Amino acid sequence: MNQRSFEKSCPPENLTNLPPLGMDADDFVDNFRRYYTYHLGRDKNCRLLHYAFRALALVQKDRIMERWRKTRCTYKEQDCRRVHYLSMEYLMGRALSNAMLNLGTEEETIKALHKLGMDLEELESAEQDAGLGNGGLGRLAACFLDSCATLQLPVIGYGIRYEYGMFRQAIKKGKQVEEPDHWLETGNPWELERPEYKQRIQYGGRSEEYTDSNGQLRRRWVESRDVLAVPFDIPIAGYGNDTVNSLRLWKAMATQDFDLGEFNAGFYPESVAAKTAAEHITMVLYPNDASENGKELRLKQQYFLASASLKDVLRRWVYIHGDEFSDFAAKNCFQLNDTHPSFAVPELMRLLMDEHGLQWDEAWEITTKSMAYTNHTLLPEALEKWPLRLFQQWLPRLLEIIYEINANFLSEVASKWPGEGDRQQRMSVIEEGGDPQVRMAYLAIIASYSINGVAALHSKLLVNGLFRDFHELWPERFNNKTNGVTQRRWLAACNPGLRQLLNTTIGQGWCTELEQLKKLVPYAEDPAFREKWRLVKHHNKERLTELVKADCGVTFDPNALFEVQVKRIHEYKRQLLSALHVIHLYDRIKQGDTTDWQPRCILFGGKAAPGYTMAKQIIKLICNIAEVVNNDPQVGDKLKIAFLPNYRVSVMEVICPGADLSVQISTAGKEASGTGNMKFMMNGALTIGTLDGANIEILEEVGAENFFLFGLNAHEVSELRSGYDPRSTVKQNPDLTRVMRLLQSGHFNQFEPGIFDTIIDSILSPHDPWLVAADFHTFVQAQKQVAEEFQDQQKWAKKSILNVAYSGKFSSDRTIRQYNEEIWKTTPTTPMSPGAIDE
Ligand code: 26Q
């Protein structure tokens, strides 16, 4: 892009003299037609929904633009303390309905579309999900942005603009097949490219010492191969206010060096290839939700995010404050969404020292006062490590800095615990061995003034387990921030029926203060209200039934109990335990044990990491069981099973309002929090769950009589590990014996001999870390109770109402208030009348 500026210092004033945009239906109609006709160049013969969606999105975006600018100018003029949320993932889903809800344009838009003869739901369905994340961690980031804007906090999200998001999952012959998600193919109407704020990111080369003009010895990174980072901004509108925050996503582009260098030297193809390599950095999201160790491209992505974002923040800082950094940590905070952006630690040190001339101690003081780290996993094997040699090769200067951070840190450890060499080795950022590794979590901990887990149990287990030594050293740094989800998307937008019923019953306050849902409690006793509640749920079950029919070809009956387990496929989440229970139900039907039978429709959904063989086999098993069960005339309507392909944000918006029972059955002590559990609760599903993650807090809020608890607790899980004998567990339980026999007999894989052998072996192995067999019995009991209680629809409605009534704690507004009060300490800031200068 041509980067020339206006000849005079400022662009002419009248460039932006515009009357405010109209906000009623006729204005929208007029605007829509202009976009459709002139900007998009379509006419009445165009049959593609997509263009109508784009026109409508642009109409909404126009209404966002002025507030967006005002918000940026206000933050700048007030020079307020800011938070920079650094995350490799943002699972935003669709933006249109959310934008309309938060802007308050929904009603007029529906009128406008009516005049144009179009249906809003249809247009909404034409939007591609922005699937720039794997699961919980990425969706959490998206919920947080919504809450920050609604609370008017000066928080900016930084991430990567992946060309290809989370893969699309097709199910062929019961097997997962991955297909690329080229979500940008038809353009993204919400994004705004900002080439004027591009940054240069260095890779490779070497570090050298030199003497600067003041005679100071300094270090610099030379002979690097550079890549450009170009920002694309996405507006994040707050609910019912004028705040529009930004999500800034970086795209990698080749520098002009490529053109000047090899092109002219006659290496044309080589040069184009090098260009492509540079642009590959932001090409694709890694689809693993546990760290995939040692992948060079992933390392480059992580550094790309950290470096580009920090440089952007420092650019803005220097523009206002020059090279005076004494106030930097008072005005800036970086929240690291897991260790994925933790290259920010050595990178901030490098930028402050090598590019802005600070001394080590000054730079370290700033770094440790501005970094905060959130952990999202309890699985030790998922803690991120990088081979030293990759650092050596691609980030040589960072490695020097990491060595020095570690040396300083270990001397602190040595002075606190003299002579404890093994402790030093345990706590070292460098894990020694044949292929030494950098432990990213330790790096993040050492540099952060706050370290948090994402649910009470998780935070407790972190300080007693994985991070015990560090907690002993710095107890004051550790804290808990129980996750939450935004009720704007996960109730108001996705469940219009319930929204309406809530508004007419308790008013609209819950949309910004979810605790107000407690006002529902007395209505739980009211038979007339229960009946309205039941009708809303029934309608939502009909919607879900249509989805299941369309995407799985399976016919659900909205009068049956709808049980749902949707989440990434992982052994620790124990979809396998559900599968065994399904086999047990099937077996009961086959035995004729069906007195007082409660018909059930069971829905599964979720993606397996492409290289996770066991997870893929679990999908195959569920699909095969579904095939047998759904086609058995003896089963009929008593039991239906479906595996929904390509589970994603936009389908969860149909699933959670239609669920009766939410399945949250991870092995206790393994699920950091879970957030799907909260979405289901908010939409009136009851939970069947273990004492794990945020389930524990859900149970605390809603009370044991409104929750189906079963299974070993975290303590019992770790106790049982050594003496675990699943074969005898199976022997002692006739139901489980029959289930295992059915599985082993090949009943579900008649023409595919042996394909489930590894699954069977894992259940029977005394080393099964997930203790599937151990929790089978209590799970079946709890499920029996579910079936019984569902038969009393009055009682069930009451419990469902109470689940919603007590879900107030699980708003991400509450979570973000706590982050702000205890970690970020920024001030809510209302956008003021237009300022003069941007950014
Ligand atoms: C790391 C390195 C290389 C490649 C991939 C990764 C990687 C990517 C994503 C590692 C982990 C993730 C995602 C983790 C995640 O989603 N964790 C979930 O976070 C939720 C929000 O806090 C919790 O509710 C869930 O319990 C937790 O599993």
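Here the structure is shown first, and the text comes after it.
Read on for an overview of the structure. (Residues numbered from 1 in each chain as written. Predicted model: local features only at pLDDT ≥ 70, side-chain atom pairs only at ≥ 80, totals over all residues. Heavy atoms only, no water.)

Considerations on the overall build of the protein chain
Within the protein chain, the secondary structure is distributed over 33 helices and 25 strands. Taken against the 2.2 N^0.38 rule, which gives 28 Å for 839 residues, the C-alpha radius of gyration of the protein chain at 28 Å falls within 12% of a compact globule. In terms of its C-alpha atoms, the protein chain occupies a principal-axis envelope of roughly 90 × 75 × 60 Å. A total of 839 residues make up the protein chain; the buried ones form 60% of that total. Here the analysis covers contacts within the protein chain between residues at least 6 apart in sequence; of these, 78% occur between residues at least 24 apart. When the accessible area of the protein chain is evaluated, it comes to approximately 33300 Å², of which 50% is carbon and sulfur surface. One way to put it: in the protein chain the 97 positive side-chain charges average out to a point 2 Å from where the 111 negative ones average out. (Helix = DSSP H or I, 4+ residues; strand = E, 2+ residues; numbered from the N terminus. Rg over C-alpha atoms; globule rule 2.2 N^0.38 Å. Buried < 20%, exposed > 50% of the residue type's maximum accessible area, 1.4 Å probe, protein only. Contact = heavy atoms within 4.5 Å. Areas by Shrake-Rupley, 256 points an atom, 1.4 Å probe, with all protein chains shown as cover. Lys, Arg positive; Asp, Glu negative; His and termini not counted. Charge placed at Lys NZ, Arg CZ, Asp CG, Glu CD.)

Details of the sheet that holds strand E17 (residues 437-439)
Strand order across the open sheet formed by three strands is E15-E17-E16, with antiparallel pairing between neighbours. Single-partner strands in this sheet number two, and they are strand E15 (385-387) and strand E16 (430-431). In the sheet, E16 pairs with E17 via two bridges, with the strands oriented antiparallel. The partner of Glu431 across the bridge, within E17, is Gln437. (Pairing = 2+ DSSP bridges.)

Topic: the packing of aromatic side chains
Two descriptors summarise a pair of aromatic rings, namely the distance from one centre to the other and the angle between the planes of the rings. By the definition in use, this model includes 25 aromatic pairs. Residues Phe710 and Phe779 carry aromatic rings whose centres are separated by 4.9 Å and whose planes lie at 45° to one another, so their mutual orientation is tilted. Of the two residues, Phe710 is situated in the loop between strand E25 (708-709) and helix H27 (714-720) and Phe779 in helix H31 (residues 776-791); the sequence distance between them amounts to 69 residues. Across this residue pair, the class does not change: Phe710 and Phe779 are buried. One aromatic cluster is present, built from ring pairs that chain together Tyr85, Phe144, Tyr819 and Trp824. Just above the ring of Tyr51 sits the side chain of Arg42; from NZ or CZ to the centre is 3.8 Å. The lysine or arginine in question, Lys679, covers the ring of Trp490, its NZ or CZ lying 4.4 Å from the ring centre. (Phe/Tyr/Trp six-rings, centres within 6.5 Å; stacked < 30°, edge-to-face > 60°. Lys NZ or Arg CZ within 6 Å of the ring centre and 35° of its normal.)

Notes on the site of the ligand
In the region of the ligand, 21 residues are neighbours, and Leu137, His376, Asn483, Glu671 and Gly674 sit closest. A distance of 2.6 Å is found between an oxygen atom of the ligand and a side-chain nitrogen or oxygen belonging to His376. Here an oxygen atom of the ligand and a side-chain polar atom of Tyr572 are 3.3 Å apart. Protein coverage of the free-state accessible area of the ligand, which is 620 Å², stands at 94%. For the shell around the ligand, the element with the highest residue contribution is helix H6 (residues 136-150), accounting for three residues. (Near = heavy atom within 4 Å. Polar contact = N/O pair within 3.5 Å; in protein donor to acceptor, adjacent residues only side chain to side chain.)

Structural notes on the nonpolar core
Phe343, Phe391, Leu395 and Trp824 are the most contacted members of the largest nonpolar core, which has 112 residues in total. With ten residues, helix H9 (residues 296-321) is the largest single contributor of residues to this core. In this structure, Phe343 is in contact with Leu299, Gln302, Tyr303, Ala306, Trp386, Phe391, Leu395, Leu398 and Met440, ignoring residues within four places of it in sequence. Within the second largest apolar cluster, 69 residues are counted, among which are Leu379, Met614, Leu621 and Val786. (Core = buried A, V, L, I, M, F, W, Y, C linked by side-chain atoms within 4.5 Å.)

Topic: the sheet that holds strand E20 (residues 561-566)
Hydrogen bonds along the backbone pair up the strands of a sheet, which may run parallel or antiparallel. Pairing in this open sheet of six strands is parallel, and the strands run E22-E21-E20-E23-E24-E25 from one edge to the other. Every other strand in the sheet has two partners, leaving strand E22 (639-644) and E25 as the edge strands with one partner each. Here six bridges tie strand E21 (residues 600-605) to E22, and the two strands are oriented parallel to one another. Bridge assignment links Leu603 to a residue of E22, and that residue is Ala642. The strands touched by helix H32 (residues 793-805) within the sheet are E20, strand E24 (686-689) and E25, with E24 carrying the most contacts at an inclination of about 85°. (Axes fitted to C-alpha atoms, helices over the stretch in contact; angles between N-to-C directions.)

Observations concerning the state of the cysteines
Counting across every chain of the model gives zero disulfides. With no disulfide of its own, Cys656 has Cys494 as its nearest cysteine by sulfur position, at a separation of 4.3 Å. (Disulfide = S-S within 2.5 Å.)

Points about the side chain of Asn452
Within the secondary structure, Asn452 is located in strand E18 (residues 450-453). When neighbours within four sequence positions are excluded, Asn452 is seen to be in contact with Gln335, Tyr373, Thr374, Asn375, Asn479, Lys481, Tyr819 and Ile823.

Description of the packing of helix H11 (residues 344-355) against helix H12 (residues 360-370)
It is at 9 Å that the axes of H11 and H12 come closest, and there the two elements cross at 140°. Of the possible angle classes, the one that applies to H11 and H12 is oblique. In the packing of H11 onto H12, the handedness of the crossing is right-handed. Judged by residue contacts, Val345, Leu348, Met349, Leu352 and Met353 of H11 engage Trp360, Ala363, Trp364, Ile366, Thr367 and Ser370 from H12. Among the residues forming the contact of H11 with H12, the class breakdown is nine nonpolar, two polar and no charged. (Parallel < 35°, antiparallel > 145°, perpendicular 65-115°, else oblique. Left-handed = near helix turned anticlockwise from the far one by under 90°. Nonpolar A, V, L, I, M, F, W, Y, C, P; charged D, E, K, R; others polar.)

Quick look at unusual backbone geometry
With a phi angle near 45°, Asp79 is a residue other than glycine that sits in the positive phi range. Within the secondary structure, Asp79 is located in the loop between helix H2 (49-77) and strand E1 (82-86). In this model, Asp338 sits at a positive phi of 70°, which is unusual for a non-glycine residue. Its location among the elements puts Asp338 in the loop between strand E13 (332-337) and H11.

Looking at helix H26 (residues 695-702)
Most of H26 is tucked away: six of the eight residues are buried. The inward-facing, buried residues of H26 contact helix H17 (456-464), strand E23 (661-664), helix H25 (676-682), E24, E25 and H32. Of the residues one or two after H26, Gly703 is the one with positive phi, at around 90°.

Observations regarding the packing of helix H22 (residues 575-591) against H31
Interhelical geometry of H22 versus H31 gives an angle of 60° and a closest axis separation of 10 Å. By the angle class used here, H22 and H31 are oblique. Our pair here, H22 against H31, has a crossing hand that is right-handed. The segment H22 lies against H31, with Leu577, Ser578, Leu580, His581, His584 and Arg588 engaging Phe776, Phe779, Val780, Gln783 and Lys784. The residue makeup of the contact of H22 with H31, split by class, is five nonpolar, four polar and two charged.

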